[in-house]
Amino acid sequence: MTDVAVRPAERKPEPVDQVGNASDRAGRAFTIVVGALVAAAVIVRFTATQALWLDEAQSVAIARLPLSGSGTTMWDGLLQDGSPPLYYLLLHGWIAVVGESTLAVRSLSALVNIAAAWPLYLLARRVIGERGARVSVVLYLTSPFALYFGTETRMYSLIVLLTALGGVALERVLRAPSAKSVIGLALAAGGLALTHYWCLYLLVTVGVWLLGLLIVRPWYRARRARRGGPAGAPVPRAAGVSGSTSTGSTGRSGGGSHRSGGRGTSGATSASAAGGMSSAAAARRGPIHALIGLVGGGLVFAPWLPSFFDQLAHTGTPWGEPASYAAISHAYGQWAGGPTTLGRLLLFLITGLAAAGLAGQSTGGRFLLIDLRGREPGRTLFFLATGTLFVAVTAGKLVGNAWADRYTATAFVPFLLVLGLGSTVIGDRRIFQGVIAVAAAIGLLAGTTDLHRERSQATEAADVLERLAHPGDVMLICPDQIGPGLARTIPPWLKVHVVPTYDAPDRVNWVDYEQRNENADGREIARRALAEAGPEHTVFLAGSGAYRTYEELCTEVQTTLAQARPHADQVMKQGLPAKVYENYALLRFQAS
């Protein structure tokens, strides 16, 4: 097989007992167990029924807006949110067909999440082989990281799908460039950029890698030639890709007689030079066409550029701080197993597979050799994953954007391929089966535990308000970030406003967010709510002081309400972060 997008593992190790060819009882049991775990993982993706939290509820609120008209459109909502449009257009169509219930909107992510397994398998089969491809898919479907975002109404499952499709297109471009494959790569790249802006970091990393193939690889070859390396020496593994077979015959370098000059030598030299030039030109075709595909992706993204620059100037991530480079290792921990106890246990197995995929070579049986320089294609896959995270942290430091673990879905696919590759160097069949079965089982248990954790107290708050509130009562929400989730559950007859805009709670407007909150007057907002409630109605406050840019504003609102109505009580306790992700308290300020 010739070199492709990432050169397939050289001398792919064969286990002592061929996995997949075994007909014994243990092999059948392994197949049944793993199949059952995968089936359970598919079903679990449709079982998350908790209330939507901010990001999910905001996605639904934007996607259900009309695409055109005199009122607020989806395009207005996207400008205020700071997101690109592709996922929202998909969700808009989905809602029109199946509705916007919690199960309905989360089912879209589950289906996309499951659909990503097929292109992931195709990509992995090309790059790391059949055995590694199957393992990559199993570990993906049972991954706590993938399970969670397969149950969240956000674009992260779509990112994985488009990344896998883009990887398939990139591999085809590098292996056999054609107009069709270049167009496929352009559509995938453009689709990624139109799904989440962090995908730009992945595209930048891939672009740098392709430039390295065009610039670093020829330089490395020339350097080897100057040092007297064999004329036909294989492409250095650092390049990670070649447009021609890298394991071909090396021929004889300097092995002929000193007397064999004349035409024979001249002809052989000319033929060798011509062959080398042809090989070098062929090796450059793939990367050049791939770069053209990335440029084509830019053209797909181009119509959205005016909105992108507007969002860049006025939105961003005011809810968080830029990350340090330590976040890169944290991301690997999240991919490996996540924050739960079971997830940390899974981390041990996943770390071993990742190390084997990056630098391992099978010697047969229970032993591995570790090459501290790394081995291909694991080294290139690791570069693509880690390089994307490095670019993300660097960009965040430069422009002030925050880090979120969920954003790292942009680099998740190469990591999965490293794990699949790691499994191929396990020579002992029983160890292989044990590692994969245990990793899949722990991943499923850890992921199920995590995805069933409460994501918002919106349902609990709604139950309290149904019991204690009455028509004419007013509720303030501070900060506004807990508003979208509450808007889906609270009684429709309740007068609800967010701090500081006094707008409806269904969407957060991120435009100039930090400056707006800094200039807000909490006392005036509280007095406005008291005036609207009048002397006969209650004012409720759903709030938390743990949100950035709201450290003083919410306290100011609460203090003003308490001064005007000292008969206040807490009717809902703020949940613990370990039990509920989006947590807040509900206070009641009764009329005298």
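Attention in this report is confined to the structure presented alongside it. None of the values given here were measured: they were computed from a predicted structure. Within every chain, residues take consecutive numbers counted from 1 along the sequence as written. Local features in this predicted model are restricted to residues of pLDDT 70 or higher, and side-chain atom pairs are both shown and tallied only at a pLDDT of 80 or more, whereas totals for entire chains, interfaces and linings draw on every residue. Excluding hydrogens and water, the side-chain figures rest on all heavy atoms present in the structure.

Let's shift gears to the pairing of strand E4 (residues 474–478). Walk down a regular strand and you will see the side chains alternate between the two sheet faces. A large share of E4 lies buried, amounting to 5 of its 5 residues. Partly exposed describes any residue whose relative accessible area lies between the buried limit of under 20% and the exposed limit of over 50%, with all areas from a 1.4 Å probe on protein chains only and scaled to the type maximum. By definition, any uninterrupted DSSP run of H or I lasting at least four residues is a helix, any uninterrupted run of E lasting at least two residues is a strand, and each is numbered from the N terminus. Of the two faces of E4, the one holding Val474, Leu476 and Cys478 and the one holding Met475 and Ile477 are both buried throughout. Two elements, E4 and strand E5 (residues 495–498), share 4 bridges in a ladder whose sense is parallel. Within the sheet, the bridge partner assigned to Ile477 lies in E5 and is Val498. A pair of strands is labelled paired if DSSP reports no fewer than 2 bridges between them. Alignment of E4 against strand E6 (residues 539–543), held across 5 bridges, turns out to be parallel. In the sheet register, Cys478 faces E6, and the bridge partner there is Gly543.

Attention shifts here to the sheet that holds strand E9 (residues 585–589). Sheets are built from strands that pair by backbone hydrogen bonding, the pairs being arranged parallel or antiparallel. Here 5 strands make up an open sheet; going across it, the order is E5-E4-E6-E9-E7 and the pairing mixed. Only two strands of the sheet have a single partner each, and these edge strands are E5 and strand E7 (568–572). Pairwise comparison of adjacent strand axes, ignoring direction, gives a mean angle of 25 degrees for this sheet. What makes two residues a contact is simply this: any of their non-hydrogen atoms within 4.5 Å. Axis angles are defined between N-to-C directions and span 0 to 180 degrees, where every axis is a line fitted to C-alpha atoms and, for a helix, only to the segment in contact. Relative to the sheet, helix H22 (residues 522–533) contacts E4, E5 and E6, its axis offset from that of E4 by approximately 160 degrees.

Patches here are clusters of residues that have more than 30% relative accessible area and form no salt bridge, with a 9 Å joining cutoff for like charges and a 5 Å cutoff for nonpolar side chains (Val, Leu, Ile, Met, Phe, Trp, Tyr). Under the convention used here, a 1.4 Å probe and the Shrake-Rupley method define accessible areas, while residue burial counts only the protein chains that appear. Here, a salt bridge means any Lys or Arg side-chain nitrogen found within 4 Å of an Asp or Glu carboxyl oxygen. Counting rule for charge: Lys and Arg are taken as positive, Asp and Glu as negative, and neither His nor the chain ends is counted. A single reference atom marks each charge: NZ on Lys, CZ on Arg, CG on Asp, CD on Glu. A contiguous patch of negative charge on the surface is contributed by Glu454, Glu460, Asp463 and Glu466. Element by element, the count of residues in the negative patch is highest for helix H19 (residues 458–468), at 3 residues. Summarising the element assignment, Glu454 is placed in strand E3 (residues 454–456).

Let's shift gears to the environment of Leu213. Relative to the elements of secondary structure, Leu213 occurs in helix H11 (residues 199–226). Judged by relative accessible area, which is 2%, Leu213 ranks as buried.

Time to look at unusual backbone geometry. Looking along the chain, the bond that leaves Glu376 and enters Pro377 is cis, with omega of 5 degrees. Turning to its location among the elements, Pro377 is positioned in the loop between strand E2 (368–370) and helix H16 (378–399). Along the chain, Cys478 connects to Pro479 via a cis peptide bond; the corresponding omega equals 10 degrees. Locating Pro479 in the fold gives a position in the loop between E4 and helix H20 (483–487). The backbone of Tyr502 shows a phi angle near 65 degrees, a positive value even though the residue is not glycine. The topology assignment puts Tyr502 in the loop between E5 and helix H21 (513–518). One non-glycine residue, Asp512, lies in positive phi territory at about 45 degrees. Along the chain, Asp512 turns up in the loop between E5 and H21.

Moving on: the pairing of E6. Within E6, 5 of the 5 residues are buried, leaving the element largely enclosed by the surrounding structure. Of the two faces of E6, the one lined by Val539, Leu541 and Gly543 and the one lined by Phe540 and Ala542 are each fully buried. When E6 meets E9, the two strands line up antiparallel, connected through 5 bridges. Residue Phe540 lies in a different strand from E9, and its bridge partner there is Arg588.

Turning next to empty space enclosed by the protein. Using only the protein atoms, space was sampled on a 1 Å grid; points where a 1.4 Å probe fits but cannot get out form cavities, open sets with protein on both sides within 12 Å along at least five of seven lines form pockets, and lining residues are those with an atom within 4 Å of a point. Grid points are joined across faces, edges and corners, and a volume is the space filled by probe spheres set on the points. With the rule as written, the count across this model stands at 6 cavities of 30 Å³ or more. One number sums up the size of the largest cavity: a volume of about 310 Å³. Taken together, the elements giving at least two residues each to the lining of the largest cavity come down to helix H6 (117–128), helix H9 (156–175), helix H10 (179–193), H11, H16 and helix H17 (412–423).

Turning to its location among the elements, Gly166 is positioned in helix H9. Separated by 43 residues in the primary sequence, Gly166 and Leu123 place their C-alpha atoms 9.2 Å from one another.

On to the nonpolar core, then. Tyr140, Leu210, Trp335 and Phe412 are the most contacted members of the largest nonpolar core, which totals 118 residues. Discounting chain neighbours no more than four positions away, the residues touching Tyr140 are Arg45, Asn113, Ala116, Ala117, Leu120, Ala146, Val160, Phe412 and Leu416. For our purposes a nonpolar core is just a set of buried Ala, Val, Leu, Ile, Met, Phe, Trp, Tyr and Cys residues, chained together by side-chain atoms within 4.5 Å.

In this section: the side chain of Asp55. By the element assignment, Asp55 lies in helix H2 (residues 54–63). Each polar contact in these results corresponds to two N or O atoms within 3.5 Å; when the atoms are within protein, one needs to be able to donate a hydrogen and the other to accept it, and residues that are neighboring in sequence are counted only if both atoms are side-chain atoms. A distance of 3.3 Å separates the side chain of Asp55 from the side chain of Arg406, its partner in a polar contact.

Count a disulfide wherever a pair of cysteine sulfur atoms falls within 2.5 Å. The tally for this structure, following the rule as stated, stands at 1 disulfide. Two residues, Cys478 and Cys554, share a disulfide whose sulfurs are 2.0 Å apart. Between Cys478 and Cys554, the disulfide has an S-S torsion of -95 degrees and is therefore left-handed. With Cys478 in strand E4 and Cys554 in helix H23 (residues 553–564), the pair connects residues that are 76 residues apart, well separated along the chain. Grouping residues by exposure puts Cys478 and Cys554 together as buried.

Time to look at helix H13 (residues 305–314). Considered for burial, the residues of H13 that qualify are Ser307, Phe308 and Gln311. Projected onto a plane normal to the axis of H13, the buried residues spread over an arc of 100 degrees and lie on a single side. In H13, those exposed residues whose orientation departs by more than 90 degrees from the buried face are Pro306, Leu312 and Ala313. Relevant arc is that of directions from the helix axis to the C-beta atoms, nothing else.

Turning our attention to the pattern of salt bridges. Taken as a whole and judged by the stated rule, the model has 20 salt bridges. A salt bridge links Glu130 to Arg134, with the nearest nitrogen and oxygen atoms 2.9 Å apart. Taken as a pair, Glu130 and Arg134 lie in helix H7 (residues 130–141) at a separation of 4 residues, close to a single helical turn. The exposure class assigned to Glu130 is partly exposed, which follows from its relative accessible area of 30%. The salt bridge partner of Glu376 is Arg379, with a shortest N-O separation of 3.4 Å. Given a relative accessible area of 4%, Glu376 falls into the buried group. Through salt bridges with shared partners, a single ionic network connects Arg64, Glu100, Arg488 and Asp506.

Geometric descriptors of this kind do not, in isolation, establish any biological role.
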